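# Understanding the architecture of this molecule
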There are 2 protein chains.
Amino acid sequence: MFQKPATIQDVARAAGVSTATVSRVLSNPGLVSDRTREAVLRAVQETGYRVNQAARNLRMQRAGAVLILVPNLGKPFYSGILAGISEGFVGSDYAVLITDTESNPLQDATLSGYFIDGRIDGAISLDGGLSAEALAECTRCGAGGRIVFLCEWVEGQDFPVISSDNAEGARLAIRHLHDLGHKKIGHVTGPDGNVLTTARREGMVAERERLGLPVRPEWIIRGDFSLESGHEAAHRILAMHDRPSAVFCSADMVAFGLIAGLIAGGLRVPEDISVVGFDDIEMSGSFVPALTTIRQDRHSLGRRAAEVLLDRLAKANEQSGREPALPVELVIRASTAPPAY
Amino acid sequence: MFQKPATIQDVARAAGVSTATVSRVLSNPGLVSDRTREAVLRAVQETGYRVNQAARNLRMQRAGAVLILVPNLGKPFYSGILAGISEGFVGSDYAVLITDTESNPLQDATLSGYFIDGRIDGAISLDGGLSAEALAECTRCGAGGRIVFLCEWVEGQDFPVISSDNAEGARLAIRHLHDLGHKKIGHVTGPDGNVLTTARREGMVAERERLGLPVRPEWIIRGDFSLESGHEAAHRILAMHDRPSAVFCSADMVAFGLIAGLIAGGLRVPEDISVVGFDDIEMSGSFVPALTTIRQDRHSLGRRAAEVLLDRLAKANEQSGREPALPVELVIRASTAPPAY
DNA sequence: TCAGCGTATGAAATCGATTGCATAGTCGCC
DNA sequence: GGCGACTATGCAATCGATTTCATACGCTGA
């Protein structure tokens, strides 16, 4: 009923040559005489031939695909990164597979399994929560050199890491607030155990100490990068008798939730309390008030990860370790102002 | 250096049977005696064997993957949908490929090419801008029954469509504003030629006429679902001498931009002007003011599309056409109020 | 005892490409 | 004229699975 796709055999027959010659024309044209090459190319045109990927991959012992592990596809933060990754693989003859590690948790053997059964050649993980065991499995089956971490990473492992300069971002945020005159600076963290939580909190604490700013344990509020945790933080802050005059949030979404909660509680932002975010997602410039935040270049992060992985797939080079951190930038908008008192 | 993955041959040797038997144990265990089955399973355990997908796909003449065409991965609207799709394919032995049709535009032959060269078995398009020619190519190579549209669609084509009830959403929005007492209702549309633009505008116009509300052409402002177009719309509205008292936006992002622009221009929302969005993305509940909007269940949309495609891949049934539209819901929050006058 | 049937298994073809090796032809140089 | 080198091409093995067909075995019933 429908025409079956042409195979290399069909092309060979049409051009009056062997399949070997057809294959060579397509992958190594220099080996073939001009006359033959033209005849083959004509036959390819006529038959509408396209190389069957399953056959090609089988023969070449590769999968032709890379897997992106995303903690939660539903978070807007990741979309820009995915766009960057996707773009980075254009023209590379690798397909980009994406999986959500939250709705679809990985067992220890799952990731290595994808390598073993020839589903993927490499992986980019945006999830820093992979188990050491899962990673050890991958190393064991020779996939260790084809895994790259992006944004997050796993402590104590030696995989390449592409990430923003989180500590610097935290420092910039604190310095900005300090420059405005704030002394009592709070922080809503990410989830416990998350590497970004640590990096940002440590950057923030270090800078606060360097500047000799006062510290109160209750000003450090545990969050989880979500809107809701921002809301909750607002309630906590509203209930304090000694409130911080500014809050540095570990993510823009947290800042949005926080601001909404503070306003609902009768405070004004930035007049009564300043708020700084982290990420600079698309919305941040249009929030009311527009959010002062630390910009991560999500698109470049994605692209860079794709480049690094492609490089390792091509060269099979084994050098590992952290890539230089990508710069972050303080974006000053309307959610920060000098303190009222 | 690293152990090569075990093949079916290795398993056969270890179990003292033929490869045919191993294959049967794995795919059709009933055909094999208990003793042999156990021996094979033990051998599988010992060798850590996993079926090589490239070989399997080649032999079975399938690709083992589906492609999701996303207009712009960077838009938060899509992330929830992708999560739903991704979840819908869990346990299905299809890999989910994702491509961004904006950063990586499709030629007419690209999509059909993916089918022909055995890269994909099916596709879900969130992009209603596919060319008729590209789709005709797919039909020609027998892939017509394996394409499903989600959210958007192409007019005049008979592919299955999963979408929300856009017209009903528009009606709900207008009715809500009317119930509050608004008579002068504006609209920021989506981009020209987009099917959602049409569906929502027509729903809105129909309801406005039904309720006998006044119409002014300038109250219908062309947008493109983006934050920026909301901003621009705000400028237009601020410049009008006869302003609408309420605006229905074709997307939440537009509403955010609009509100920010209106506030910057000195108007209050909802006191001076009410705003309704469309989509109910995660942020909408926490925007200030919290956005009244039409909820689309993005997760269910994604899941449903996955189900429909899986169904067609399994049964190869040819019935086409539009699925029943998924219900939408009016979510009343703080961005709408009775008109001031 | 033997035909007949069902069950369990193996041998080998097959999917569609790539590539090592062999071969045929061409050219140049002594 | 003949030999070596080089070019262009084909044959056939190979990648790792699935599946058709054939066969061997065990059992039943006449």
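Preceding this paragraph is the structure being described.
Position numbers for residues count from 1 along each chain, tracking the sequence in the order it is written. The naming scheme follows written order: chains are lettered A onward, ligands numbered 1 onward. With pLDDT at 70 or above as the cut-off, local features in this predicted model cover only qualifying residues; side-chain atom pairs require 80 or more to be listed or tallied, and sums for whole chains, interfaces and linings still use all residues.

### As for the overall build of chain A
The way it works is that DSSP assigns letters per residue, a run of H or I at least four long becomes a helix, a run of E at least two long becomes a strand, and they are numbered from the N terminus. When its secondary structure is counted, chain A shows twelve helices and eleven strands. Only C-alpha atoms enter the radius of gyration; for comparison, a globular chain is expected to reach 2.2 Å times N to the power 0.38, where N is the number of residues. Its C-alpha atoms give chain A a radius of gyration of 26 Å, clearly above 20 Å, the size a compact globule of 341 residues would have. Projected onto the principal axes, the alpha-carbon positions of chain A cover approximately 90 × 40 × 35 Å. Put simply, chain A has 341 residues, and 52% of those count as buried. The contact criterion used is a C-beta to C-beta distance within 7 Å, with each C-beta placed from the backbone. Across chain A, contacts joining residues at least 24 apart in sequence account for 77% of those joining residues at least 6 apart. The burial criterion counts other C-beta atoms lying within 10 Å of a residue's C-beta, which is placed from the backbone; the residue is buried at 20 or more, exposed at 12 or fewer, and partly exposed between these limits.

### Quick look at the interface of chain A and chain B
Each partner contributes residues to the interface: chain A has 50 residues there, and chain B has 50 residues. Taken together, the elements giving at least two residues each to the side of chain A that touches chain B come down to α4 (53-60), α5 (76-88), β2 (95-100), α6 (110-116) and α11 (252-264) of chain A. When residues of the side of chain A that touches chain B are assigned to their parent elements, the largest contribution, eight residues, is made by α5(A). Within the side of chain A that touches chain B, the residues separate by chemical class into 27 nonpolar, 16 polar and seven charged. Only Asp, Glu, Lys and Arg are considered charged, only Ala, Val, Leu, Ile, Met, Phe, Trp, Tyr, Cys and Pro nonpolar, and every remaining residue, Gly among them, polar.

### What to know about the pairing of strand β1 (residues 65-70) of chain A
Residues and elements named next belong to chain A. The buried fraction of β1 amounts to six of the six residues, a majority that puts the element mostly inside the structure. Neither face of β1 is left uncovered, since the one carrying A65, L67 and L69 and the one carrying V66, I68 and V70 both have all their residues buried. Strands are labelled as partners when DSSP assigns at least two bridges between them. When β1 meets β2, the two strands line up parallel, connected through six bridges. Bridge pairing in β2 links L67 to L97. The handedness rule is simple: strands pointing away from the viewer, and a clockwise path from the first strand over the helix to the second, make the crossover right-handed. With α5 bridging β1 and its parallel neighbour β2, the resulting β-α-β unit is right-handed. Here β1 pairs with strand β3 (residues 122-125) via four bridges, running parallel.

### Section: the packing of helix α10 (residues 227-239) of chain B against helix α11 (residues 252-264) of chain B
All names here are of chain B. For helices, the axis comes from a line fit to the C-alpha atoms of the stretch in contact; other axes are also lines fit to C-alpha atoms, and the angle between any two N-to-C directions lies between 0 and 180 degrees. The interhelical angle for the contact between α10 and α11, taken along N-to-C directions, is 40 degrees, at an axis separation of 6 Å. Regarding the angle of α10 to α11, the classification is oblique. Crossing of α10 against α11: the hand is right-handed. Of the residues in α11, those in contact with L227, E228, S229, G230, H231, A233, A234, H235 and I237 of α10 are M253, V254, A255, F256, G257, L258, A260, G261 and L262. The scheme is simple: roughly parallel for angles under 35 degrees, roughly antiparallel for over 145, roughly perpendicular for 65 to 115, oblique for anything else. The sense of a crossing depends on the near helix, which, turned anticlockwise from the far helix by less than a right angle, makes the crossing left-handed and, turned clockwise, makes it right-handed.

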